[in-house]
Amino acid sequence: MSTATRGTGTTYREAMREALREALRSDERVFLMGEDVGRYGGCFGVSLGLLEEFGPDRVRDTPLSESAFVGAGIGAALAGMRPVVEIMTVNFSLLALDQILNNAATLLHMSGGQLPVPLVIRMTTGAGRQLAAQHSHSLESFYAHIPGIRVLAPATLEDARHVLAPALADPDPVVIFEHGSLYNAAGELGPAAGPVGLDRAAIRRPGTDISLITYGGSLPKALAAADELAADGIDAEVVDLRTLRPLDGTTLAVSVGRTHRAVVVDEAWRTGSIAAEVSARIAEESFYELDAPVERVCSAEVPIPYARQLEEAALPQTADIVAAAHRAVD
Amino acid sequence: MSASRPTTRPRKEPSAAKPGRKAATTRAGAGPPPAGRPEAGHRTDLLEAMLRIRRFEERCVELYSAARIRGFVHLYIGEEAVAVGVSSALEPEDAVVSTYREHGHALARGLTPEAVMAEMHGKATGCSGGRGGSMHLFDASRRFYGGSAIVAGGLPLAAGLALADRMRGLPGVTCCFFGDGAFAEGEFHETANLAALWNLPLLLVCENNLYAMGTALAREHAQTDLAMRAASYGMPAWAVDGMDVEAVEQAARRAVGGIRAGAGPHFLELRTYRFRAHSMYDPDRYRDKAEIAQWKSQDPIARLTERLRGDGELDDEELARTEQRLADEIDHAVTAAERAPEEPVEDLLRHVTSAPSGEVSRP
């Protein structure tokens, strides 16, 4: 993910913005709401220009009241709208966790099926920009723990561009995690790309010797690790989970059945992580396929520090993935 | 208060919160008859609606003691004037968000005793299919968005319902019930600000029964004048005698009228009292017996009954027939609930997502 190439190049940020623009144009029930999504243009610039195009009713700046505006999104979804609620970062989303868990994820069941909540929540996740311990965490597993919501982690330009439409078509709540380090990722958007499925992981690089299983901001690192491993004569397959709930156990089992080894890469803390869940699935469903213990490469169990060298040391790096793969293969 | 008074002035003279005081801003029976209804019939309708809730809950106590219904059960006995008076001011296109103490709100909104009783029995015929129980009653067809057992958790949701109705050009007002405990939660203050900022068609109904579970108002609020604090968000806010169903109805009609006219959210502090403990588990060690007795002397059902008698509008034989009809209605609800089918265990994973259950069994 280096610099844009030729005139059709785009960035993850622009791809997400184009997806929002398309949703706002094609369905009058859709509106975007969150802190600084309008006049400021989005804290990461994703919604820049949308206020001018769609007006303040549909690109709606909110007070700094995460619980109120997420809850308002739930209520609006119940009453026939299709809100897209943006939360600045996953750390701030904890202020709205009550609404997401106790209302959005629960109302359908608690009401005996009467109240589906077609709400999309977008939020930034992840570290790597020296933003310290209240802007840098990867708490996807908090949300993936909850029955009743779908959790997505688009990691490519195509997914950034095409995940929103099916998310809005889902009758139930969908949480989309956008890794902050991906916004500037640039490249060409495949012309044939279209709406993506929400149920399947994707093989980003096929291989036969080991499965590198990851998602979100760690995907570029896993792909880079696969390149290094290829130079060492190891043919690594890279699996992008894309959907963290429900997990695509089939693709995991097929990949591990092919490679017989797995490294799970997850920027979250190891304990209670997505990586822990993936490892358990492999143990449950592919135990007899394994030729080596499952390896995990996760963040150090520390609040993410500010200092550059400390932050880098805390996060999974390409070299860590390569080393884990060698442990599994050698 | 006369009906011609402007509806948008911020609260009037709420009195200090203490048990037994009279209405701060409204006077019983002073308002016009509700539009489209004969006054005499309407007042007995209010009485019947309160009696239905009272008798229903008295039966709940028996059933709970007999272990026929379980879970947390929070009784509304004593507070019936609030649900009945407010609901009487609402139309079918309006939306209602409630709390965990919601039998009264549900019945006043028109949910049948049968549907609510079946829910409390955990039956498939219950208004939430047996998934919710006493604290989570829902009826989408009546825009009854049900009971939140997270104190103040329904408030943001109510703001969203109001926002959607306005964005869609619909005339509905969303009414959100909550208690004095919720007033201490951030979600109340976030929602009050948001609703006033966006001028949402939202009626905030604070049932101030003086206790947040076991914590008295003055032990949880530095300033106990809740209407005054709500007014600080820039919305009309009135304190009303919540033991007087006609005063409640009149205040609610004024507020709803203002909201429909585009004046934005309104706040009602309805000063009331629960005669029973917080829940069936609660030994009620924190309230003074004299205080309870004083509030019981203001029983909203007794007050309306006496007023109707004094006005020559109550026929004792008619009242007896009403009581019998309600007893039959509740008997029928209990019998139907006991006979109703249980949701099969095979359906455990239904309604987790809108997808067929097979897709959610392996997340």
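Here, the structure is the one placed above.
How each quantity is defined
Along every chain, residues carry numbers that run from 1 in the direction the sequence is written. By the order in which they are written, chains take letters starting at A while ligands take numbers starting at 1. Owing to the predicted nature of the model, reporting of local features is limited to residues with pLDDT of at least 70; listing and counting of side-chain atom pairs is limited to 80 or more, with chain, interface and lining totals taken over all residues. Strands here are runs of E lasting at least two residues and helices are runs of H or I lasting at least four, both read from the DSSP assignment and numbered beginning at the N terminus. C-alpha atoms define the radius of gyration in this analysis, and the globule rule sets the expected value at 2.2 Å times the number of residues to the power 0.38. Labels follow a simple rule on C-beta atoms placed from the backbone: if 20 or more others lie within 10 Å of a residue's own, it is buried; if 12 or fewer, it is exposed; otherwise it is partly exposed. Distance between backbone-placed C-beta atoms decides contact: two residues are in contact if it is within 7 Å. As used here, a nonpolar core is made of buried Ala, Val, Leu, Ile, Met, Phe, Trp, Tyr and Cys residues. They are joined through C-beta atoms within 7 Å. Domain boundaries shown here were taken from an automatic or database domain assignment. An axis is simply a line fitted to the C-alpha atoms; with a helix, the fit covers only the stretch in contact. Between two such axes, the angle follows the N-to-C directions and lies from 0 to 180 degrees. Any angle that is under 35 degrees is reported as roughly parallel, and any over 145 degrees as roughly antiparallel; angles of 65 to 115 degrees are reported as roughly perpendicular and all others as oblique. For any helix crossing, the convention is left-handed if the near helix is rotated counterclockwise from the far helix by under a right angle, and right-handed if that rotation is clockwise. Ten residues, namely Ala, Val, Leu, Ile, Met, Phe, Trp, Tyr, Cys and Pro, are considered nonpolar, four, namely Asp, Glu, Lys and Arg, are considered charged, and the remaining ones, Gly among them, are considered polar. Note: two strands are recorded as paired if DSSP finds a minimum of 2 bridges between them.

If you tally the helices and strands in chain A, you get 14 helices and 14 strands. The globule rule puts the C-alpha radius of gyration for 330 residues at 20 Å, and the 19 Å found for chain A is close to it. Each of the three principal axes of chain A carries a C-alpha extent, and together these read 60 × 50 × 40 Å. The burial tally for chain A puts 56% of its 330 residues in the buried class. For chain A, long-range pairs separated by at least 24 residues make up 79% of all intrachain contacts whose partners lie at least 6 apart in sequence.

The next subject is the nonpolar core. Across soluble globular proteins, you tend to see nonpolar side chains buried next to one another. If you look at the biggest cluster of nonpolar residues, it comprises 196 residues, and the most contacted ones within it are A:Leu212, A:Val263, A:Ala325, B:Ala159 and B:Cys176. Looking at this core, you find at least three residues from each of domain 1 (9–188) and domain 2 (202–329) of chain A. Dropping the residues within four chain positions of it, A:Ala325 is found in contact with A:Ile210, A:Leu212, A:Ala225, A:Leu229, A:Ile234, A:Ala236 and A:Val263.

Opposite the 38 residues of chain A that make contact, chain B presents 36 residues. If one sorts the elements of the side of chain A that touches chain B by residue count, helix H3 (residues 66–78) of chain A sits on top with eleven residues.

A few words on the packing of H3(A) against helix H6 (residues 186–197) of chain B. Contact geometry of H3(A) with H6(B) gives a least axis separation of 8 Å together with a crossing angle of 70°. One way to sum up the angle between H3(A) and H6(B) is to call them roughly perpendicular. H3(A) and H6(B) meet at a crossing whose hand is right-handed. Across the interface between the two elements, A:Ser67, A:Ala68, A:Phe69 and A:Ala72 of H3(A) pack against B:Gly186, B:Glu187, B:Glu190, B:Thr191 and B:Leu194 of H6(B). Of the residues that constitute the contact of H3(A) with H6(B), the class distribution is four nonpolar, three polar and two charged.

Residues and elements named next belong to chain A. Along the chain, the position of aspartate 227 falls in helix H10 (residues 219–231). Residue aspartate 227 is classed as exposed on the basis of its C-beta count, with 12 C-beta atoms lying within 10 Å. Along the chain, aspartate 227 and glutamate 14 lie 213 residues apart, while their C-alpha atoms are 27 Å from each other.

Residues and elements named next belong to chain A. With mixed pairing, the seven strands of this open sheet are ordered in space as S3-S2-S4-S5-S7-S6-S12. Among the strands making up the open sheet, the edge pair consists of strand S3 (59–61) and strand S12 (243–245). With direction set aside, neighbouring strand axes in the sheet form an average angle of 20°. Pairing analysis gives two bridges linking strand S6 (residues 150–152) to S12, with the strands arranged antiparallel. Residue pairing across strands places valine 151 opposite arginine 245, the latter belonging to S12. Running over the sheet, H3 touches strand S2 (30–34), strand S4 (82–89) and strand S5 (120–125) and is turned about 160° from S4.

Honestly, it's all geometry; don't read function into it.
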